[in-house]
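# Examining the three-dimensional arrangement
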Amino acid sequence: MSVEREQQLAVALAEVRARLAGAAAAAGRAVDEIELLAVTKFFPADDVVALHRLGCHAFGESRDQEASRKVAEVAALIGSADIRWHMVGRIQRNKARSVAQWAHVAHSVDSLKLVHALDRAAAEALDHGLRTVPLDVFAQVSLDGDESRGGVDVDATARIDELCAAMEQAPGLRFAGLMAIPPIGADPDSAFARLQQEHQRVQSKYPQRLELSAGMSGDLEAAVKHGSTCVRVGTALLGSRPLTSPAVTPVTRSPQTTESLGSTDKTESSSPHKG
Ligand SMILES: *Cc1c(COP(=O)(O)O)cnc(C)c1O
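If you check an unreviewed UniProt entry, the protein chain appears there as Pyridoxal phosphate homeostasis protein from Mycolicibacterium duvalii.

Written out as structure tokens, the structure reads:
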């Protein structure tokens, strides 16, 4: 890990924290009720270690294979006691077992079949001592109704209720709240306003406080304005991701390239789009 890279991460983290503080203040909210999730997909374990040293304890990944390897690398370097790993990408059902072995939280759960696969996988991991607590799960909603990009249509309230109830009842899972990614080109303010309305509707049915996973590098202010309790920030912290998935060693930084919209690993899909 170079000194320059550590410096770069420290500056970027301070900027993101300042943006969060500003957004919270503008919304009349306490900044400490909003979790900053550092999305480290495509970036190496060294960057996780550096961000951890700077005070980050929550990290997001979007591809199972890359994540399970990185989680092990980070654990070997600094242990795993005070780190929580979040799976923010789409989850193939055949990856549920692996995800349940490294993730504390899964943000992109959008079908009953996936709920059941994750529940079974988490129960098995608990049985085998591979995890000690249930898997926290977010129900992903789609704000434009295009469910092919992930999430249950925000207007399909009966199906959202059914999904949330299944999570709430699954012994291997803990229903944590709602998550969404605004559609490409959408106005974040109106997209997150709609999400907040749905979050409040679902919240009224549950006694526990439900979280809202919303906001990325480009739109975290709008998300905080509309009640986000967890912003998922990649680019603004770590820099641009490479265009294609690195086969073995993630590229630390490649400012010339643009966002990857998907994974080259055909068995998984990655982030639907840039924020
Ligand atoms: C990659 C990703 C992010 C981070 O996006 P940035 O625009 O780089 O901050 C957030 N959420 C999900 C679901 C992602 O896949």
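Now, onward.
When helices and strands are tallied, the protein chain shows 9 helices and 9 strands. Counting the 275 residues in the protein chain, one finds 47% classified as buried. In the protein chain, 59% of the contacts between residues at least 6 apart in sequence involve partners at least 24 apart.

All right, on to the packing of helix α1 (residues 3-26) against helix α2 (residues 45-53) then. Any two packed helices are characterised by the angle at which their axes cross and by the distance between the axes. The N-to-C vectors of α1 and α2 enclose an angle of 55°; their axes lie 10 Å apart at closest approach. Classified by the interaxial angle, the pair formed by α1 and α2 is oblique. Like other packed secondary-structure pairs, α1 and α2 cross with a definite hand, here right-handed. Between α1 and α2, the residues in contact are R5, E6, L9 and L13 and D47, A50 and L51, respectively. Each residue belonging to the contact of α1 with α2 can be placed in one class, and the counts come to 4 nonpolar, no polar and 3 charged.

Let's shift gears to helix α3 (residues 64-78). Taking 1.5 Å of rise per residue, the 15 residues of α3 would be expected to cover 21 Å, and the 21 Å separating its terminal C-alpha atoms lies within 8% of that figure. Regarding α3, the residues found buried are D64, E66, A67, K70, V71 and V74. Down the axis, α3 shows its buried residues gathered within 150° of arc, on one side only. Where the residues of α3 are buried, they touch α2, β2 (58-61), β3 (84-87) and α4 (96-102). Phi for G79, located one or two positions after α3, is positive at around 80°.

The next point concerns helix α6 (residues 157-169). The end-to-end C-alpha separation of α6 is 18 Å, in line with the 18 Å expected for 13 residues at 1.5 Å each. Buried positions along α6 lie against β4 (105-109), α5 (112-127), β5 (135-142), β6 (152-153), β7 (173-179) and α7 (188-203).

Cut-offs applied
Residues numbered from 1 in each chain as written. Predicted model: local features only at pLDDT ≥ 70, side-chain atom pairs only at ≥ 80, totals over all residues. Helix = DSSP H or I, 4+ residues; strand = E, 2+ residues; numbered from the N terminus. Buried ≥ 20, exposed ≤ 12 C-beta atoms within 10 Å, placed from the backbone. Contact = placed C-beta atoms within 7 Å. Axes fitted to C-alpha atoms, helices over the stretch in contact; angles between N-to-C directions. Parallel < 35°, antiparallel > 145°, perpendicular 65-115°, else oblique. Left-handed = near helix turned anticlockwise from the far one by under 90°. Nonpolar A, V, L, I, M, F, W, Y, C, P; charged D, E, K, R; others polar. Expected span 1.5 Å × (residues − 1). Arc of directions from axis to C-beta.

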